[in-house]
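# Fold and geometry: a report
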Amino acid sequence: MTAVEQELQQQLERELSISSAAARMLVVRGIQTADEARQFIRPSMDKLHDPFLMKDMDKAVERLHKALTQGEKILIYGDYDVDGTTAVALMYRFLMGIGRSQGELMDGTKCLKDNGPLPNSEASNIQYPIPNIDYYIPDRYTEGYGVSQRGIDYAIEQGCSLVITLDCGIKAVEKIAYAAEHGVDVIVCDHHTPGDELPAAVAVLNMKRNDCPYPYKDLSGCGVGFKLAQAYTQQYGLPFDNLVPLLQLLAMSIASDIVPITGENRILAHFGIQQLNKAPFTGLSAIMQVASIEAKTLTINDLVYKIGPRINACGRMKSGRAAVELLLTDDPVFARQQAEEVNHHNEDRRDCDTETTKEALQQLQDDPSFAERRSTVVYAPHWHKGVVGIVASRLTETYYRPTIVLTA
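Structure report, in brief. Quick caveat: nothing in here was measured; it's all calculated off a predicted structure. (Residues numbered from 1 in each chain as written. Predicted model: local features only at pLDDT ≥ 70, side-chain atom pairs only at ≥ 80, totals over all residues. Heavy atoms only, no water.)

## Details of the sheet that holds strand S7 (residues 203–205)
The strands making up a sheet associate through backbone hydrogen bonding, with each pair oriented either parallel or antiparallel. Pairing is parallel in the open sheet, where 5 strands are placed in the order S4-S1-S5-S6-S7. The strands lining the two open edges of the sheet, one partner per strand, are strand S4 (132–136) and S7. Across this sheet, the average inter-strand angle for adjacent strands is 20°, counted without regard to direction. As judged from the 3 bridges shared by strand S6 (residues 185–189) and S7, these two strands associate in the parallel manner. In the sheet register, Ile187 faces S7, and the bridge partner there is Ala203. Against the sheet, helix H8 (residues 221–235) touches strand S5 (162–166), S6 and S7, its axis set at about 115° to S6. (Pairing = 2+ DSSP bridges. Helix = DSSP H or I, 4+ residues; strand = E, 2+ residues; numbered from the N terminus. Axes fitted to C-alpha atoms, helices over the stretch in contact; angles between N-to-C directions. Contact = heavy atoms within 4.5 Å.)

If you want it as structure tokens, here you go:
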């Protein structure tokens with residue numbers, strides 16, 4: 001360590017009353033002040049950024065409010081991995097929960113009352129029809145990643161006038177234009193790097209846009225969806241406490257999508273894990289049971305290595321929709337059955353992964369020219385598409401070369 005770093009380490013030891021090893025770890029992680037160290041050690045919800053700093057957030061909230069108050073049918077569209085499925089479950093739970101605690105009106109609508117200060121005089125009289133919401137997870141094998149033609153056609157056929165994409169959509173320029181031609185508006189919530197052209201959506205929420213001033217750039221796709229929920233809650237005076245249980249889904253996405261656990265992600269993951277340990281949703285509790293981790297305090301490693309892979313296995317081996325069904329259910333019997341099925345998919349994925357890796361390694365060993373190559377390319381028509389990415393990682397770990405694994 002440099003002299004400056006050593007001085008900072010000693011300062012952190014004194015001001016925070018922590019050990020030399022802990023102070024050194026903070027310095028190595030890039031902490032530069034005692035205040036930053038306090039925020040790192042003791043995450044606080046007060047440090048979450050204003051969601052309206054994100055470009056287009058005002059447009060997204062306005063369009064979502066119109067859809068909710070006028071009883072439009074909304075389709076929540078998410079990717080088939082953990083980030084996408086948790087994002088869909090988070091948004092679905094949020095939208096279905098709006099007004100639920102306020103009681104149902106005689107005409108079947110729900111009215112928000114007594115929720116604290118609201119931004120305008122009309123807000124206290126907002127009436128919400130019972131939400132008309134559906135969700136869609138594309139099939140990994142027949143539709144591929146992202147917004148698909150079939151998915152937009154589904155929205156049109158079902159009479160949806162608003163689609164919210166989560167963990168996808170930033171490059172779906174043609175698909176979103178097609179949706180607009182058929183009278184379907186789209187709000188994009190994505191965290192992937194945009195292309196040269198942004199889709200012509202009602203709102204494009206992505207902190208990686210060149211013109212987006214949002215200060216934290218490493219949110220997951222589910223994290224962007226959460227910021228939309230936070231913005232709506234803030235704009236219309238809903239209790240922020242309603243969002244707190246949803247953080248367990250967000251913690252799952254942060255852990256499984258391997259985004260940096262810094263800044264906002266660290267705050268959101270911290271409180272999300274608290275929720276998982278205190279009051280997990282029925283489906284997540286069932287997964288914890290089948291993974292044999294319900295009897296101990298859950299950690300981020302459990303999300304990465306035990307719960308996340310089981311949810312991911314649905315999209316790899318069958319359908320990501322099964323994961324969403326599990327994340328949304330409040331029925332303990334169905335949750336247990338679905339968790340067992342999810343666990344079975346994960347066991348199949350593991351067996352398939354192991355066998356495919358074994359065959360790929362054998363291919364390389366049987367190739368006399370492989371030792372002279374600087375990259376790895378293997379192919380077999382029968383390999384499962386859901387595990388080729390995992391197998392590529394295994395081969396990279398073995399030979400430390402750029403790797404491509406192909407299948408039919």
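## Side note on the packing of H8 against helix H9 (residues 247–256)
Relative to each other, H8 and H9 sit at 150°, their axes nearing to 8 Å. Relative to H9, H8 is oriented roughly antiparallel. Note on element contacts: H9 touches H8 through Leu247, Leu249, Leu250 and Ser253, opposite Cys222, Gly223 and Phe226. In terms of residue class, the contact of H8 with H9 is built from 5 nonpolar, 2 polar and no charged. (Parallel < 35°, antiparallel > 145°, perpendicular 65-115°, else oblique. Nonpolar A, V, L, I, M, F, W, Y, C, P; charged D, E, K, R; others polar.)

## Thoughts on the pattern of salt bridges
Tallied over the full model, the rule gives 15 salt bridges. Note that Arg209 and Asp56 form a salt bridge whose closest N and O atoms lie 3.0 Å from each other. Of the two residues, Arg209 is situated in the loop between S7 and H8 and Asp56 in the loop between helix H3 (34–41) and helix H4 (57–69); the sequence distance between them amounts to 153 residues. By relative accessible area, Asp56 is classed as buried at 10%. (Salt bridge = Lys/Arg side-chain N within 4 Å of Asp/Glu carboxyl O. Buried < 20%, exposed > 50% of the residue type's maximum accessible area, 1.4 Å probe, protein only.)

## Here we look at the packing of aromatic side chains
Applying the stated criterion across every chain yields a total of 6 aromatic pairs. Residues Tyr136 and Tyr154 carry aromatic rings whose centres are separated by 5.2 Å and whose planes lie at 40° to one another, so their mutual orientation is tilted. Taken together, the positions of Tyr136 in strand S4 and Tyr154 in helix H6 (residues 149–157) put the pair 18 residues apart, joining distant regions of the chain. Residue Tyr136 is classed as buried on the basis of its relative accessible area of 9%. On the accessibility criterion, Tyr154 (22% relative accessible area) is partly exposed. Measuring from centroid to centroid gives 4.8 Å for Tyr232 and Tyr236, while their planes differ by 45°, and the two rings are tilted. In this structure, Tyr232 and Tyr236 share a single accessibility class: buried. A network of ring pairs unites the aromatic residues Tyr77, Tyr136 and Tyr154 as a single cluster. When the ring centre of Phe370 is taken as origin, the NZ or CZ atom of Arg401, which lies over that ring, is 4.4 Å away. (Phe/Tyr/Trp six-rings, centres within 6.5 Å; stacked < 30°, edge-to-face > 60°. Lys NZ or Arg CZ within 6 Å of the ring centre and 35° of its normal.)

## Quick look at the nonpolar core
Ranked by size, the top nonpolar core spans 87 residues in total, and within it Leu64, Leu95, Ile164, Ile187, Leu228, Tyr232 and Ile307 carry the most contacts. If you tally residues by element for this core, the top one is helix H5 (residues 82–97), at 9 residues. Sequence-distant contacts of Ile187, that is, excluding residues within four places in its chain, are made with Ala60, Arg63, Leu64, Leu162, Val163, Ile164, Thr165, Ala203, Leu205 and Leu228. Tyr136, Ile152, Ile170 and Val184 belong to the second largest nonpolar core, which has 18 residues in total. (Core = buried A, V, L, I, M, F, W, Y, C linked by side-chain atoms within 4.5 Å.)

## What to know about the environment of Arg349
Considering the arrangement of structural elements, one finds Arg349 in helix H14 (residues 332–366). Residues Arg349 and Cys314 lie 35 residues apart in sequence; the distance between their C-alpha atoms is 9.2 Å. When residues no more than four places from it in sequence are discounted, the contact partners of Arg349 are Pro309, Ala313, Arg316, Met317, Val387 and Ile390.

## Considering unusual backbone geometry
Excluding glycine, residues mostly carry a negative phi; peptide bonds, for their part, are mostly trans. For Ser17, which is not glycine, the phi torsion reads 55° and is therefore positive. With respect to the helices, strands and loops of the structure, Ser17 is situated in the loop between helix H1 (3–16) and helix H2 (20–28). Judged by its relative accessible area of 66%, Ser17 falls in the exposed class. Within the chain, Ile258 stands out as a residue other than glycine whose phi angle is a positive 55°.

## Some remarks on H3
Of the residues making up H3, those classed as buried are Ala34, Ala37 and Phe40. For H3, the arc enclosing every buried residue in end-on projection is 115°, short of the 170-degree limit, so these residues lie on one face. Contact partners of the buried residues in H3: H1, H2 and helix H10 (263–278). (Arc of directions from axis to C-beta.)

Remember that the coordinates give geometry; whether it matters functionally is a separate question.
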